[in-house]
Amino acid sequence: MAAEPLAAKTQAAKLMAAKIARATSAPAPRPGILDIAPYVPGTSALPGAGPIVKLSSNETPLGPSPQAIVAYLNEAPHLSRYPNGSAQPLREALAAEHDLNAARIVCGAGSDELLNLLAAAYLGPGDEAIYTEHGFLVYKIAILARGATPVVAPETNHTADVDAILARVTPATRMVFLANPNNPTGTYLPYAEIERLHAGLPDDVLLVLDAAYAEYVLKDDYEAGAALVAANDNVVMTRTFSKIYGLASLRIGWAYCPDAIADTLNRIRGPFNLTGPSIAAGVAAIGDRAHLEAAIAHNKAWLGDTAAKLETLGLKTTPSVANFLLVHFPDVAGKTAREADAFLHQRRIILRRVEEYGFPHALRMTIGTEAENTAALEALSAFMGVDSADAS
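- As recorded by an unreviewed UniProt entry, the protein carries the name Histidinol-phosphate aminotransferase and is attributed to Methyloceanibacter caenitepidi.
- Taken from UniProt, the Cofactor (unreviewed entry) comment for the protein reads in full: "pyridoxal 5'-phosphate".
- Quoted verbatim from the Sequence similarities (unreviewed entry) field of UniProt, the annotation for the protein is "Belongs to the class-II pyridoxal-phosphate-dependent aminotransferase family. Histidinol-phosphate aminotransferase subfamily."

### Examining the pairing of strand E5 (residues 173-179)
Here's step 1: With six of seven residues buried, E5 lies mostly within the body of the structure.
Here's step 2: Both strand E3 (residues 128-132) and E5 contribute to a ladder of three bridges, which runs parallel. Of the residues in E5, the one forming a bridge with Glu128 is Thr173.
Here's step 3: Strand direction decides the pairing type here: E5 and strand E6 (residues 206-210), joined by five bridges, are parallel.

### Overview of the UniProt feature "modified residue: N6-(pyridoxal phosphate)lysine" (unreviewed entry) in the protein
Here's step 1: As annotated in UniProt, the feature "modified residue: N6-(pyridoxal phosphate)lysine" (unreviewed entry) corresponds to Lys243 in the numbering used here.
Here's step 2: Looking at where Lys243 falls in the secondary structure, it is placed in the loop between strand E7 (235-240) and strand E8 (253-256).
Here's step 3: For Lys243, a relative accessible area of 16% gives the class buried.
Here's step 4: Apart from the residues within four sequence positions on either side, Lys243 is in contact with Ser57, Asn58, Thr60, Ala212, Tyr213 and Tyr216.
Here's step 5: Among the polar contacts made by the side chain of Lys243, one reaches the main-chain carbonyl oxygen of Ser57 at a distance of 3.5 Å.

### Some remarks on the nonpolar core
Here's step 1: Judged by nonpolar contacts, the single largest core of 63 residues is most densely connected at Leu90, Phe241 and Trp254.
Here's step 2: Setting aside anything within four residues of it in sequence, one finds Phe241 in contact with Leu90, Leu94, Gly246, Leu247, Ala248, Ile252, Trp254, Gly282, Ala285 and Ile286.
Here's step 3: If you look at the next biggest cluster of nonpolar residues, it comprises 31 residues, including Ala148, Leu206, Phe359 and Ala362.

### Some points on the side chain of Ser320
Here's step 1: Among the structural elements, Ser320 can be located in the loop between strand E9 (316-318) and strand E10 (324-328).
Here's step 2: The class for Ser320 is buried, based on a relative accessible area of 14%.
Here's step 3: At 2.7 Å, the side chain of Ser320 and the backbone oxygen of Phe324 are in polar contact.
Here's step 4: When residues no more than four places from it in sequence are discounted, the contact partners of Ser320 are Thr185, Gly186, Leu303 and Leu325.

### Concerning the pairing of strand E13 (residues 362-366)
Here's step 1: With five of five residues buried, E13 is to be regarded as a mostly interior element.
Here's step 2: The two faces of E13 match: Ala362, Arg364 and Thr366 on one face and Leu363 and Met365 on the other face are all buried.
Here's step 3: Here E10 pairs with E13 via five bridges, running antiparallel. In the strand pairing of E13, His328 is matched with Ala362.
Here's step 4: Bridge count between strand E12 (residues 352-353) and E13: two bridges; the pairing is antiparallel. In the strand pairing of E13, Arg353 is matched with Leu363.

### Section: the domain arrangement of the protein
Here's step 1: In terms of domain boundaries, the protein breaks down into domain 1 (53-60 + 290-384) and domain 2 (66-288).
Here's step 2: Computed from C-alpha coordinates alone, the two centres of domain 1 and domain 2 are separated by 26 Å.
Here's step 3: Domain 1 puts 25 residues into the contact, and the matching count from domain 2 is 26 residues.
Here's step 4: Note on domain 1 versus domain 2: buried area summed over both sides is about 2,200 Å², and carbon and sulfur give 67% of it.
Here's step 5: A per-residue breakdown of the area domain 1 buries against domain 2 is headed by Leu292, Val321 and Tyr357, which together make up 32% of the total.
Here's step 6: Remark: the boundary between domain 1 and domain 2 carries zero salt bridges.
Here's step 7: Across the domain 1-domain 2 interface, the total number found is nine residue pairs in polar contact (both at pLDDT 80 or more).

### A few points about helix H11 (residues 289-312)
Here's step 1: With 24 residues, H11 should cover 34 Å at 1.5 Å per step; its first-to-last C-alpha distance of 36 Å lies within 8% of that length.
Here's step 2: Taken together, the buried positions of H11 are His291, Leu292, Ala295, Ile296, His298, Asn299, Trp302, Leu303, Thr306, Ala307 and Leu310.
Here's step 3: Buried residues in H11 make contact with helix H2 (66-74), E9, E10, E13 and helix H13 (370-384).
Here's step 4: Following H11 by one or two positions, Gly314 adopts a phi angle in the positive range, close to 85 degrees.

### Some details on the packing of aromatic side chains
Geometrically, a pair of aromatic rings is defined through the distance of the ring centres and the angle of the planes.
Here's step 1: In the structure shown here, the tally under the stated rule is nine aromatic pairs.
Here's step 2: With a centroid separation of 5.7 Å and an interplanar angle of 90 degrees, the aromatic rings of Phe136 and Tyr139 are classed as edge-to-face.
Here's step 3: The class for Phe136 is buried, based on a relative accessible area of 12%.
Here's step 4: We classify Tyr139 as buried; its relative accessible area is 1%.
Here's step 5: Members of the aromatic cluster, each reached through a chain of ring pairs, are Tyr39, Phe136, Tyr139 and Phe177.
Here's step 6: A cation sits over an aromatic face here: Lys335 above Phe383, 5.5 Å from the ring centre.
Here's step 7: The ring of Phe324 is capped by Arg364, whose NZ or CZ atom sits 5.7 Å from the centre of that ring.

### Regarding a nonpolar patch on the surface
Here's step 1: Residues Ile69, Tyr72 and Leu73 make up a contiguous nonpolar surface patch of about 290 Å² in total accessible area.
Here's step 2: Residue position: Tyr72 is located in helix H2.
Here's step 3: Classification of Tyr72 by relative accessible area gives partly exposed; the value is 38%.

Scoring rules and cut-offs
- Residue numbers restart at each chain and count upward from 1, following the sequence in its written direction.
- Totals for whole chains, interfaces and linings use all residues, but because this is a predicted model, local features are given only for residues with pLDDT of at least 70 and pairs of side-chain atoms are given and counted only at 80 or more.
- Based on all heavy atoms of the structure, the side-chain values leave hydrogens and waters out of the count.
- UniProt positions are given in the numbering used here, feature names are shortened, and annotations may be inferred rather than shown by experiment.
- In this scheme, a residue with accessible area under 20% of its type's maximum is buried, one over 50% is exposed, and one in between is partly exposed, where area comes from a 1.4 Å probe on protein chains only.
- Elements are defined by DSSP. Helices are runs of H or I of four residues or more, strands are runs of E of two residues or more, and each kind is numbered from the N terminus.
- Strand pairing is defined by DSSP finding a minimum of two bridges between the two strands.
- Should any heavy atoms of two residues lie within 4.5 Å, those residues are counted as being in contact.
- Here a polar contact is taken to be a pair of N or O atoms separated by no more than 3.5 Å, where protein atoms must pair a possible hydrogen donor with a possible acceptor and residues adjacent in sequence count only if both atoms sit in side chains.
- Definition of nonpolar core: a set of buried residues of the types Ala, Val, Leu, Ile, Met, Phe, Trp, Tyr and Cys, connected through side-chain atoms within 4.5 Å.
- Residue ranges for the domains originate in an automatic or database domain assignment.
- Accessible area that two parts lose when put together, evaluated with a 1.4 Å probe and summed over both, is termed the buried area.
- Salt bridge, as applied in this entry: a Lys or Arg side-chain nitrogen positioned within 4 Å of an Asp or Glu carboxyl oxygen.
- One less than the number of residues in a helix, times 1.5 Å, gives the span that helix is expected to have.
- Pairing of aromatic rings covers Phe, Tyr and Trp, the last through its six-membered ring, and needs centres within 6.5 Å; plane angles under 30 degrees mean stacked, over 60 mean edge-to-face, and all others mean tilted.
- Criterion for a charge above a ring: Lys NZ or Arg CZ within 6 Å of the ring centre, and within 35 degrees of the ring normal.
- Patch membership needs two things, relative accessible area over 30% and no salt bridge, and members are linked within 9 Å if like-charged or within 5 Å if nonpolar (Val, Leu, Ile, Met, Phe, Trp, Tyr).
- To measure how exposed things are, a 1.4 Å probe is used in the Shrake-Rupley method; for residues, cover is taken only from the protein chains shown.

See below:
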């Protein structure tokens, strides 16, 4: 009879030990998750008081359309109601604006969400996904988060190289991410090169064309990707309202997809992943063509002029078709990008450090207002020891 109580005591001791072990541990993420370097946005604030010239996030200097602001505010009385679950009004407005099929448009909380949804749907352990040497950092994060392997294709002159991408395709390749134009370089591939890239990919490899800056491109040989999506089953184009439309804070992105991929994304996205105010503001922004054209004209007027003035300071820039410039500093004591960044901060001017993109000797400068551009150029003139009159 003594054995039974002993057995009971032994079982109780085991349960207590297990309880203690659980209490001193914590849920563990899947292997590999903690190896991911979190995305770090550019600096947006500085210590001390006073206005800041913020040219670090590729935001439009014109701000959002006044019509979009009104539409956003008009949604305030309806905040107790769920938004349209598929963002139908926005999808229909996008379809009308770009002559697309609304059923093949999927909206997301910024294009970042859509990039991650694509990775979640089509990547897993044992798979590979390719992106270019200086491509958007979110691609690597999305790939690693699904347990897949990121594969980096080198660029040529800071521009995506189709042959380098195709050379890295293996039987394990499932996806290719391509920003066109690319951030932070501002370079792009002509549509003929995009077609050549697609033609070289196996049918079961998904080509994701990230066209966040498409509206700024004024080149005749550029196409954002909708035509390629319409003609094929393995191409997706993503776009955003965060850049030229000036709605970055509302997080509005969209993707144009083949029917099967749109269906897949709609199965895994959140059912209300865009808010009512975001949908309304997006629709109104699309409708304000004059505001969009003004933003395009402003960027056209300042992009080349700013690049030319930077060159007079001895600062090379990568040719850009977007709304920013990658500015290269000499690797010389007193004139480095890091020292320039600190100097600019003293004058309350913020550009974007881009070491994590493979450019330790460069800063990225967004095209801002006339006053902001002038302030940044004058500060850089002082930093480089060039009389600002000589740089004008």
